[in-house]
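# Close look at the chain arrangement
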Amino acid sequence: MTNNRYDYLEIEGWTAPVEQVQEPLAAPSVTPVRVAAHRNTFRVVELIGRFGSKAGEFNTPGGLAADAAGTLYIADSYNNRVQIIAKNEADIIGARGTAPGQLMLPMSVALENTGCYYVVEQGNNRVQKFGPTGRTIYTIGTPGAGKMQFNSPRAVALDSKQNFYIADTGNNRVVTYNFKGQFRGQVNLAGPNDPFNRPCGLVVTADDELIVADTWNHRLVRIDSVGKPLGSIGAYGDDMGQLSQPVGVAIDIDGGLVVSEAGNNRLQKYSISGIPVSTWDGHKSSIGPLANPGGIAITRSGDIYLADTNNHRVIWFEMAL
């Protein structure tokens, strides 16, 4: 596939990046929940990591997740591992391979309230469930389009009942399983005669509404808890409110949607009803422009973490009024 800025297995002419000098590893914020509403201005607080293979360094980071304490789980994709970062320390789960506990191009992480977590592997076409200590509980997936198969999956998200959804990107669908790994069903149409086109990001609201980053249709698709499409947000373009290759999507503590766009190399915030309120691309900041931004994690305190994928770092933002 040409002109593809989000699917790393299919980028033509990809070469290993050169090391860049950036800020060292910074700890995630663990602060009391802020209660101010309608914060729409992105403010950079810190950079986390730089290119490399040591603990706290990254090679093309993808999806992110954050637990209640602010600990970050980062799919360090081309290092074939997940890094768990807290209190200025990084633990590493996985190494390149196909056996249980090993990883191949991990792309996304989602956390259960039990301390277990799920990792989607694009390279192995599977999802692994890990226990709190990093032990593999089970794996699902082989290459294909069946109930327990995937084609370049990219994202995972959980609902309030601990069911999980997988963006099965190459199969242009979203599939769902219960916490035991049993198949529940699939969503393969955003509406009648309106299929997904490489869906790449997922988030579930407090009301169990699923929001899908329908990447090559350049929109967000809203689906209710029983699989009924509720409409979409965005259309192709680079104006505020438009989208180009949305990849990551998350819900902030104001109830707004925060979206990363690989095509526009920016962050954008919408109200939950789809009204655009702000954008940020880094061009006027001291840290420079974004490069293929990916996964987003938002903590209970409202801090936003973004995988600045091709800059091989994670950016920590606060939202200001």
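Described below are features of the structure shown in this document. In this text, all values refer to a predicted model and were calculated from it rather than measured experimentally. (Residues numbered from 1 in each chain as written. Predicted model: local features only at pLDDT ≥ 70, side-chain atom pairs only at ≥ 80, totals over all residues. Heavy atoms only, no water.)

Within strand E24 (residues 313–320), 6 of the 8 residues are buried, leaving the element largely enclosed by the surrounding structure. In this structure, strand E1 (residues 41–48) lies alongside E24, joined through 7 bridges in antiparallel fashion. Each residue of the ladder has a partner; that of threonine 41, found in E24, is alanine 320. In the sheet, strand E23 (residues 304–308) pairs with E24 via 5 bridges, with the strands oriented antiparallel. (Buried < 20%, exposed > 50% of the residue type's maximum accessible area, 1.4 Å probe, protein only. Helix = DSSP H or I, 4+ residues; strand = E, 2+ residues; numbered from the N terminus. Pairing = 2+ DSSP bridges.)

Ranked by internal contacts, the top residues of the largest apolar core, which has 15 residues, are Phe42, Val258, Leu267, Ile296, Ile304 and Phe317. Sorting the residues of this core by element identifies E1, strand E22 (293–298), E23 and E24 as the ones contributing at least two each. Of all the elements, E24 adds the most residues to this core, at 3 residues. In this structure phenylalanine 42 touches Val258, Leu267, Gln268, Lys269, Ser278, Thr279, Trp280, Ile304, Phe317, Glu318 and Met319, once residues within four positions along its chain are discounted. (Core = buried A, V, L, I, M, F, W, Y, C linked by side-chain atoms within 4.5 Å. Contact = heavy atoms within 4.5 Å.)

Going through the model one piece at a time under the given rule, you end up with 9 aromatic pairs. Each ring, one from phenylalanine 42 and one from phenylalanine 317, has its centre 5.8 Å from the other, and the planes form 75 degrees; the classification is edge-to-face. In this pair, phenylalanine 42 is assigned in strand E1 and phenylalanine 317 in strand E24, connecting sequence segments 275 residues apart. For the pair phenylalanine 164 and tyrosine 177, a centre-to-centre distance of 5.4 Å together with 25 degrees between the ring planes defines the contact as stacked. Here tyrosine 177 lies in strand E12 (residues 173–177) and phenylalanine 164 lies in strand E11 (residues 164–168), a separation of 13 residues in the sequence. Here phenylalanine 164 falls in the buried class, since its relative accessible area comes to 0%. (Phe/Tyr/Trp six-rings, centres within 6.5 Å; stacked < 30°, edge-to-face > 60°.)

Ordered by their spatial adjacency, 4 strands build an open sheet running E18-E19-E20-E21, and the pairing between neighbours is antiparallel. Bordering the open sheet on either side are strand E18 (246–251) and strand E21 (276–280), each of which pairs with just one other strand. Direction aside, the axes of adjacent strands within the sheet are offset by 20 degrees on average. Both strand E19 (residues 257–261) and strand E20 (residues 266–270) contribute to a ladder of 5 bridges, which runs antiparallel. Residue pairing across strands places valine 259 opposite glutamine 268, the latter belonging to E20. (Axes fitted to C-alpha atoms, helices over the stretch in contact; angles between N-to-C directions.)

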